[in-house]
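# Overview (structure and organization)
Here is what each chain is made of, one letter per residue.
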Amino acid sequence: FASLEVLFLFIFLVEWSMRVLAFGMNFFFTTDVGWHMFDTVIVLFMVLEQLEKMFMQSGMPLSQVASTRMLRAVRVMRAVRMLKALRFLMGLRILLQTVVIALKSMLFTSLVVAGLLYMFGVIFTQGVIDYCVTGRDCQQEVPDLLHRFGAIDRSLLSLFETMTNGISWDT
């Protein structure tokens, strides 16, 4: 991971340097001065961390208290760097909020449709049972009637198939 840290340090340092060269003295006076200063501090802490690692590997000891404080600050600053990305994610956040609101409406609409489907399933099942109880031979007269609406679960399935043009699924 050490080589990856050095690679990212190099990339961030080059990016920061290019922005400083592009903006010149206006680097600290633009409307994004807060982000520019934040990036400057982050890159500075990353450079200091790498320098500390180099000193530690070469055998020149630094005060443990100072190095521990510096490492903690670097870790916190790296985590805070992610806040910069939030500025670009506002559009995505709005899109996700819209989808969540639409899903709530779709959930309630689905519940209303399911309730109506169940209500008509009970009505059709009761109607078929009443028709067959009156002494008629339902198996002979209308064979599909009991098959499709003889029980509530069959009625619900038949109504769902009718709504979704799937009545041919049973063949």
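## Looking at the packing of aromatic side chains
As enumerated under the stated definition, the model contains 5 aromatic pairs in all. Taking the centre distance of 6.3 Å and the plane angle of 55 degrees together, the rings of Phe23 and Phe27 count as tilted. Given a relative accessible area of 0%, Phe27 falls into the buried group. Ring plane angle 75 degrees and centroid distance 5.5 Å describe the contact between Phe124 and Phe149, whose orientation is recorded as edge-to-face. Remark: Phe149 occurs in helix H7 (residues 143-149) and Phe124 occurs in helix H5 (residues 90-133); sequence separation between them is 25 residues. Residue classification places Phe124 among the partly exposed residues on the basis of a relative accessible area of 36%. For Phe149, a relative accessible area of 18% gives the class buried. A network of ring pairs unites the aromatic residues Trp16, Phe23 and Phe27 as a single cluster.

## Digging into the confidence of the model for the protein
Mean pLDDT over the protein: 79, with 78% of residues reaching 70 or higher. Least confident of the elements in the protein is helix H4 (residues 83-86), whose mean pLDDT is 59; most confident is helix H8 (residues 152-163), at 90.

## Focus on the pattern of salt bridges
Under the definition given, this model contains 3 salt bridges. Put simply, Glu15 and Arg19 hold a salt bridge, and the shortest N to O gap is 3.8 Å. In this pair, Glu15 and Arg19 are both assigned in helix H1 (residues 2-23), 4 residues apart and thus about one turn of the helix distant. Exposure remark for Arg19: the relative accessible area of 16% places this residue in the buried category. The structure contains a network of salt bridges with shared partners spanning Glu15, Arg19 and Asp39.

## As for the side chain of His36
With respect to the helices, strands and loops of the structure, His36 is situated in helix H2 (residues 33-58). According to the relative accessible area criterion, His36 is buried, its value standing at 5%.

## Re H8
With 12 residues, H8 ought to run about 16 Å at 1.5 Å a step, and its terminal C-alpha atoms sit 16 Å apart, in line with that. Looking at the packing, one finds that the buried side of H8 touches H5 and H7. Phi for Asn165, located one or two positions after H8, is positive at around 60 degrees.

The rules behind each value
- Residues numbered from 1 in each chain as written.
- Predicted model: local features only at pLDDT ≥ 70, side-chain atom pairs only at ≥ 80, totals over all residues.
- Heavy atoms only, no water.
- Phe/Tyr/Trp six-rings, centres within 6.5 Å; stacked < 30°, edge-to-face > 60°.
- Buried < 20%, exposed > 50% of the residue type's maximum accessible area, 1.4 Å probe, protein only.
- Helix = DSSP H or I, 4+ residues; strand = E, 2+ residues; numbered from the N terminus.
- pLDDT = per-residue confidence, 0-100.
- Salt bridge = Lys/Arg side-chain N within 4 Å of Asp/Glu carboxyl O.
- Expected span 1.5 Å × (residues − 1).
- Contact = heavy atoms within 4.5 Å.

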